[in-house]
Amino acid sequence: MFSPGKKRYILVFSLVFLLLLGYSQAVYSDEQYKQYDSYEELVLRGRVTAVTDIVPTADYITMEQSVEVKVTSGEYRGQVFTIENVLMGHPYFDVYLEEGQDILLLAEMEEGSIQMVYFQEVVRDKYIYYLIAFFIVLLLLIGGLKGLKTLIALAFTGVIIIMVMLPLILRGYNPILVSVISASITAVFTLFMVGGWGKKTLAAVVGTISGVTVAGLLALWTGKLALLTGFSSEEAQMLMFMDHATIDIQGLLFAGIIIGCLGAVTDVGISISSAISELKENSPGLSSYSLLVSGMNIGRDIMGTMANTLILAYVGSATPLLLLLMGYEMSWIKIANLDLIATEIVRSIAGSIGLVVTVPVTAIMAAWLYRLK
């Protein structure tokens, strides 16, 4: 069975999982009320039981579906409603409903009874849960105890971001300071959880925090000089209209850069530190200089692939935009000076510089910690 040490890890993971589950049920339950001046809104789960296509006369509507839906959640479970699903010929907004499909309904409530029901969205979360479950099973089967530790670290990271970092930013705290502290706490916990307590983990922690801090400072410096506004996305623009929230949008941009490069920087830090630890264990007579040279050589190889990975990750998310710019044959001087493009370039380059800085810092720290007595 499990050793006492493994039992402790399993107990900690179980507690963290239960806390996250309880929090998600409390905050993201199936039924969520929103209070307005004259009515309430309620989100319900439903299943399509029948669909009838109707061709209307309005020019902007290509088709209208009359849909019969049965509520499958909450106190209104079993009730059947007929709703209209308007289709306008736009692939992003149009959803063609089919019998047996699970959807979300938006119900307008008044004095405890449903007045109107609308189609809100198709149900996607259960498929996400299937994917997460497959990931967890695969991680535990292949990783064993290390996989379990990884899950605990992931859960902790989620708690820090969702329950600490984001609420503090919403309350008006400096996004850069909050993200640096959150990233540092996350990196320390993750590295010590996965690597254990020792010199290897300590070197990785120092290298990771150094790389993340450098990336954040460079992004801040370059962003200020280049007058990056932080409003390059629709989501950032919508934050201006949130009630009871004063957010530094420009600072939020740099905070996102710090969090975005954390994973890659942590990976580089622990890889180099772990390699030096193995070298020292298998060849105890190696000097600090030899360990440093070996660590730098290993780091150069990792650096070449990880920097490429980081940049490709940002390019991948911006592929539609790049195709749009190329399709309209916009000149490079215009492209490079767009706020949106300049933001993505600074994001990828600053993160890559932080990754590069992590290599020598981790190698030097590890070599010093494993120096001969």
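Structural data are supplied above this passage.
Worth saying up front: this structure is predicted, and the values here are computed from it rather than measured.

S.K.: Is there a simple way to explain the packing of helix α2 (residues 125-143) against helix α3 (residues 145-170) in this structure?
M.R.: The relative placement of two packed helices is expressed as an angle between their axes plus a distance between the axes. Between α2 and α3, the shortest axis-to-axis distance is 6 Å and the interhelical angle comes to 140°. Our classification of the angle between α2 and α3 gives oblique. Contact with α2, carried on its side by Phe135, Ile136, Leu139, Leu140 and Gly143, involves Leu145, Lys146, Gly147, Leu148, Thr150, Leu151 and Leu154 of α3 and no other residues of that element. Among the residues making up the contact of α2 with α3, the classes are represented as eight nonpolar, three polar and one charged.

S.K.: Help me out: how do you make sense of the packing of helix α5 (residues 199-225) against helix α11 (residues 339-369) in this one?
M.R.: Contact pair α5 / α11: the axes reach a minimum separation of 7 Å and the direction vectors enclose 150°. On the basis of the axis angle, α5 is roughly antiparallel to α11. In terms of crossing hand, the pair formed by α5 and α11 is right-handed. Residue classes in the contact of α5 with α11 are distributed as 16 nonpolar, nine polar and one charged.

S.K.: So what exactly am I meant to see when it comes to the packing of aromatic side chains here?
M.R.: The geometry of two aromatic rings is summed up by the distance between their centres and the angle between their planes. Inspection of the entire model under this criterion finds two aromatic pairs. Taken together, a centroid distance of 6.1 Å and an interplanar angle of 80° make the contact between Tyr127 and Tyr130 edge-to-face. Of this pair, Tyr127 and Tyr130 both sit in helix α2, three residues apart, which is roughly one turn of the helix. Residue Tyr130 is classed as exposed on the basis of its relative accessible area of 53%. On the basis of an interplanar angle of 20° and a centroid distance of 3.8 Å, the ring pair of Phe156 and Phe189 is categorised as stacked. Placement of Phe156 in helix α3 and of Phe189 in helix α4 (residues 175-195) is noted, with a sequence separation of 33 residues between them. Judged by its relative accessible area of 25%, Phe189 falls in the partly exposed class.

S.K.: Explanation requested: the pairing of strand β3 (residues 63-71) in the structure shown.
M.R.: Look at any regular strand and the pattern is simple: side chains alternate between the two faces of the sheet. In this structure, strand β2 (residues 40-54) lies alongside β3, joined through eight bridges in antiparallel fashion. Along β3, the bridge assignment pairs Ile54 with Glu64.

S.K.: Teacher, can you tell me more about the nonpolar core here?
M.R.: Within soluble globular proteins, side chains that are nonpolar generally end up buried alongside one another. Within the largest apolar cluster, 34 residues are counted, with the highest numbers of intra-cluster contacts made by Val268, Ile272 and Ile276. Contributing elements (two or more residues each) for this core: α4, α5, α7 (249-282), α8 (288-317) and α11. Top contributing element to this core by residue count: α7, with 11 residues. Once you skip the residues sitting within four places of it in the chain, Ile276 turns out to touch Leu291, Gly295, Ala363, Ala366 and Tyr370. Leu42, Val69, Val95 and Leu105 belong to the second-largest nonpolar core, a separate cluster that totals 19 residues.

S.K.: Just checking my understanding: could you explain the environment of Ile249 for this structure?
M.R.: With respect to the helices and strands, the residue Ile249 is situated in helix α7. Spatially, the C-alpha atoms of Ile249 and Phe231 are 7.0 Å apart, while their sequence positions differ by 18 residues.

S.K.: Is there a simple way to think about the pattern of salt bridges in this case?
M.R.: Between side chains of opposite charge, a pair can form as their charged atoms come close. If you walk through the whole model with that rule in mind, you get four salt bridges. In this structure, the salt-bridge partner of Arg45 is Asp125, at a minimum N-O distance of 2.4 Å. Taken as a pair, Arg45 in strand β2 and Asp125 in helix α2 lie far apart in primary sequence, 80 residues in all. Looking at Arg45, the relative accessible area reads 21%, which means it is partly exposed. According to the relative accessible area criterion, Asp125 is partly exposed, its value standing at 22%. For the salt bridge of Asp102 with Arg47, the shortest nitrogen-to-oxygen distance reads 2.7 Å. Of the two residues, Asp102 is situated in strand β5 (residues 102-110) and Arg47 in strand β2; the sequence distance between them amounts to 55 residues. Look at Asp102 and you get buried, because its relative accessible area is 14%. Its relative accessible area of 40% is what places Arg47 among the partly exposed residues. Put simply, Arg47, Asp102 and Lys126 are held in one network by salt bridges that share partners.

What counts, and at which threshold
Residues numbered from 1 in each chain as written. Predicted model: local features only at pLDDT ≥ 70, side-chain atom pairs only at ≥ 80, totals over all residues. Heavy atoms only, no water. Axes fitted to C-alpha atoms, helices over the stretch in contact; angles between N-to-C directions. Helix = DSSP H or I, 4+ residues; strand = E, 2+ residues; numbered from the N terminus. Parallel < 35°, antiparallel > 145°, perpendicular 65-115°, else oblique. Contact = heavy atoms within 4.5 Å. Nonpolar A, V, L, I, M, F, W, Y, C, P; charged D, E, K, R; others polar. Left-handed = near helix turned anticlockwise from the far one by under 90°. Phe/Tyr/Trp six-rings, centres within 6.5 Å; stacked < 30°, edge-to-face > 60°. Buried < 20%, exposed > 50% of the residue type's maximum accessible area, 1.4 Å probe, protein only. Pairing = 2+ DSSP bridges. Core = buried A, V, L, I, M, F, W, Y, C linked by side-chain atoms within 4.5 Å. Salt bridge = Lys/Arg side-chain N within 4 Å of Asp/Glu carboxyl O.

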